[in-house]
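Commentary on secondary and tertiary structure
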Amino acid sequence: MAVAEAQLYAQVSNKHRSRSTSALLEPLLAKGFPAHIAQKALVATGQKTIEDAAKWLHSHCNDPSLEDPIPQEYALYLCPTGRLHSRLQDFWKESKRQCGKNRAHEVFPHVTLCDFFTCEDQKVELLYDILKRVGDSFSQIFPPSISLTLHASPSYLGFFIDDSQANVLKEFAVAFSSEASALADCHVKPSLKQFHLTLAHRFYPHHQKTLEQLAKCINPGEPCQWVAALYSRDMRFVHYQRLRALFQYKPQNIDELMISAGDLIYVDPTQQREVSEGWVIGTSHRTGCRGFLPENYTEKAHESDTWVKHREYVFETASGSFTKTEKEPSVKLNGEAHNPSMSRSVTNVLSLQNAALRRGVLVMRHGERVDQVFGKSWLQQCLTADGKYYRADLNFPSSLPRRKDSMKQFECDPPLSSCGIFQSRLIGEALLDQEVTVSYVYSSPALRCVQTAQHVLQGLKLNQKVKIRVEPGLFEWTKWEASRAIPNFMTVAELVEASYNIDTSYRGNFPLSSLVPSESYEDYVSRSSAVIKQIITACPSKGKGVILIVGHGSSLAPLTRALTGLPNRDSRDFAQMVRKIPSLGLCFCEELKEENKWQMVNPPVKTLTHGANAAFNWRNAIMED
């Protein structure tokens, strides 16, 4: 048992136990569940229905922590609803799209009344009663409307609440905390700082102007009904990351975790360093079980996605008169509720910003390479006794391009697998479906990158219109070359002879002779920064087309961060980050011409996720006992 958890057990065990019993508890006791476990299930599901609690108990039947007496943590928030909430959701969504995720996106729009505190499971009902009683006592003096004033700094953006109204909210928070401390034996601290509703926090300073523009489109006077809501979270996982499962995964080994689409997973970042590439170890929020799972089956989730809403008190205010016929979206915990009719003000700003967009840069990792599937000795599996190539597996390419030097050079400059070719063409078709116009294509000299560019262009139906510019400066970090030497790449003439659509007039910014074996990390990011700036300069800014750059896993961060003005990643974290980039991983930057800057946004298409498919020997598998 971890030291921190042992301390929690000790704290809980020394508390006096209440004998109060929820009306929902009796049916669960009648089903044979122990009282403390039944109470735990009710609390974990917000004490809403017996069915929810029973389902939770069934899901957690193999949870090793089921008997642990660690309570939940609770917080009291004041949350907007109605049109104001919808406008805030618009801001959440658009700020993430334009500026990337910041700390505010982890939690839904709210004003903190009482920060997180612990409460024993059997005393949670007392908190519900206290919330209603204190809410009733303040209902007549609650502000008829709440004035919100926009405040901005280089690392914070949000609305501040007028002092006179904030004082009433503070009195409400103090009253709730006093009763909760006295009656439910909780140590509750009311928030006494400047009351505020955060819009963005811990963002890059160069995003401040864009975020402010979006925030000014929010009318804080929109009709709104304010709700005091009680939420809980599992205190064991406060500092963990959250992932959401995109697909179902059935374990192949005993130490793997079964997940269903939509499951939320707690992941401790400190435990991932020793995990095999492509995998993470985590704990399921739905089942409480722990194990390994494939990382590409998940996406990042928000902190509040795992929170449970218990009870709320609705304050009737003057600005609360809005009709349900407007079909406002329901409150979502992750700040991502979809509103099909975005407010005119936000739409106007977006149209102005889109008018300023001139170019886009799509940076892409190459497709699946043969040695990624068949190992470094793949070529030996495909050569006959007289040195001729043959297809030993359908995932080997049907043929290899001719080159003047030895075929052995393919070992250091491997081609795409058949799946890699298919992947690349599929991405091109997806870009075509999204009506993405590619005007320029740059590729690393590595054969796998040139082939990826060629097949993406085929999917786009541009292979006869747009030529590939082979840029040696786009080759990956040379320190990672196993041979400790720069590979002998196919020449431009050889590529043309092999029917690749190469721009023979292009002269690279970095000649091959300038690539140095085992270069330092600083030299590599400096090379990447220089080459992306030279590419941007070489492509006219009048058009609105996309510049496609096909490189390596190590290319995505240095190229895009240099373009958007972000600092370089720490070299100690770089390898771990690159390991997470799949074949054809994408990053997309778009230019804000009027602001003379670039920003990273969501790529126009999704990446391609698929599972492994091992070699199959029917004789060994079927015939032998």
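Residues numbered from 1 in each chain as written. Predicted model: local features only at pLDDT ≥ 70, side-chain atom pairs only at ≥ 80, totals over all residues. Heavy atoms only, no water.

Digging into the packing of aromatic side chains
- Applying the stated criterion to the full structure yields 31 aromatic pairs.
- Ring plane angle 85 degrees and centroid distance 5.6 Å describe the contact between Tyr249 and Tyr297, whose orientation is recorded as edge-to-face. Of the two residues, Tyr249 sits in the loop between β7 (241–245) and β8 (264–267) while Tyr297 sits in the loop between β10 (290–294) and β11 (298–300), which places them 48 residues apart along the sequence.
- Ring pairs connect the aromatic residues Tyr77, Phe108, Phe116, Tyr231 and Trp307, which therefore count as one cluster.
- One residue, Arg233, lies across the ring of Phe116, its end atom 3.6 Å from the ring centre.
- Between the NZ or CZ atom of Arg311 and the centre of the ring of Tyr128, over which it lies, the distance is 4.1 Å. (Phe/Tyr/Trp six-rings, centres within 6.5 Å; stacked < 30°, edge-to-face > 60°. Helix = DSSP H or I, 4+ residues; strand = E, 2+ residues; numbered from the N terminus. Lys NZ or Arg CZ within 6 Å of the ring centre and 35° of its normal.)

Some words on the sheet that holds β11
- Strand order across the open sheet formed by 5 strands is β10-β9-β8-β7-β11, with antiparallel pairing between neighbours. The sheet terminates laterally at β10 and β11, the two strands that pair on one side only. Sheet twist, expressed as the average angle between the axes of neighbouring strands with direction ignored, equals 45 degrees.
- Across 5 bridges, strand β9 (residues 279–284) lies against β10 in antiparallel orientation. In the strand pairing of β10, Gly282 is matched with Gly291. (Pairing = 2+ DSSP bridges. Axes fitted to C-alpha atoms, helices over the stretch in contact; angles between N-to-C directions.)

Re the confidence of the model for the chain
- Mean pLDDT over the chain works out to 86, with 88% of the residues at or above the 70 mark.
- Note that pLDDT drops below 50 for residues 5–21; the model gives that stretch 24 contacts with residues more than four away or on any other chain.
- Counted against residues more than four places away or in other chains, residues 319–357, with its pLDDT under 50, gives 74 contacts. (pLDDT = per-residue confidence, 0-100. Contact = heavy atoms within 4.5 Å.)

Comments concerning the pattern of salt bridges
- Inspection of the entire model under this criterion finds 27 salt bridges.
- Measuring nitrogen to oxygen at the nearest pair gives 3.0 Å for the salt bridge that ties Lys132 to Asp136. In this pair, Lys132 and Asp136 are both assigned in helix α6 (residues 124–138), 4 residues apart and thus about one turn of the helix distant.
- What makes Asp136 partly exposed here is its relative accessible area of 36%.
- For Glu519, the salt bridge is made with Arg527, and the minimal N-O distance between the two is 2.4 Å. Across this residue pair, the class does not change: Glu519 and Arg527 are buried.
- Via salt bridges that share partners, Glu73, Arg103, Arg233 and Glu303 belong to a single interconnected network. (Salt bridge = Lys/Arg side-chain N within 4 Å of Asp/Glu carboxyl O. Buried < 20%, exposed > 50% of the residue type's maximum accessible area, 1.4 Å probe, protein only.)

Some words on the sheet that holds strand β1 (residues 72–81)
- Strand order in the open sheet formed by 4 strands is β2-β1-β6-β12, with antiparallel pairing between adjacent strands. Edge positions in the open sheet fall to β2 (111–119) and β12 (308–315), since each of these has one partner strand only. Taking the axes of each pair of neighbouring strands and ignoring which way they run, one obtains an average angle of 20 degrees across the sheet.
- Bridge count for strand β6 (residues 224–234) against β12 is 7 bridges, and the pairing is antiparallel. Residue pairing for β12: Ser232 is matched across the bridge by Val308.
- Along the sheet, α6 makes contact with β1, β2, β6 and β12, crossing β12 at roughly 15 degrees.

A closer look at the nonpolar core
- Leu127, Phe176, Leu199 and Trp226 are the most contacted members of the largest nonpolar core, which has 52 residues in total.
- Apart from residues lying up to four places away in sequence, Leu199 is in contact with Leu88, Phe91, Trp92, Asn102, Ala104, Leu150, Leu157, Gly158, Phe159, Ala215 and Ile218.
- Val370, Cys382, Ala446 and Ala453 belong to the second largest nonpolar core, which has 44 residues in total. (Core = buried A, V, L, I, M, F, W, Y, C linked by side-chain atoms within 4.5 Å.)

Notes on unusual backbone geometry
- Notably, Gln47 is not glycine yet its phi reads approximately 50 degrees, a positive angle.
- Its place among the elements puts Gln47 in the loop between α3 (35–44) and α4 (50–59).
- Positive phi values are uncommon outside glycine, yet Glu435 reaches one of about 60 degrees.
- Turning to its location among the elements, Glu435 is positioned in the loop between α11 (418–433) and β14 (438–443).

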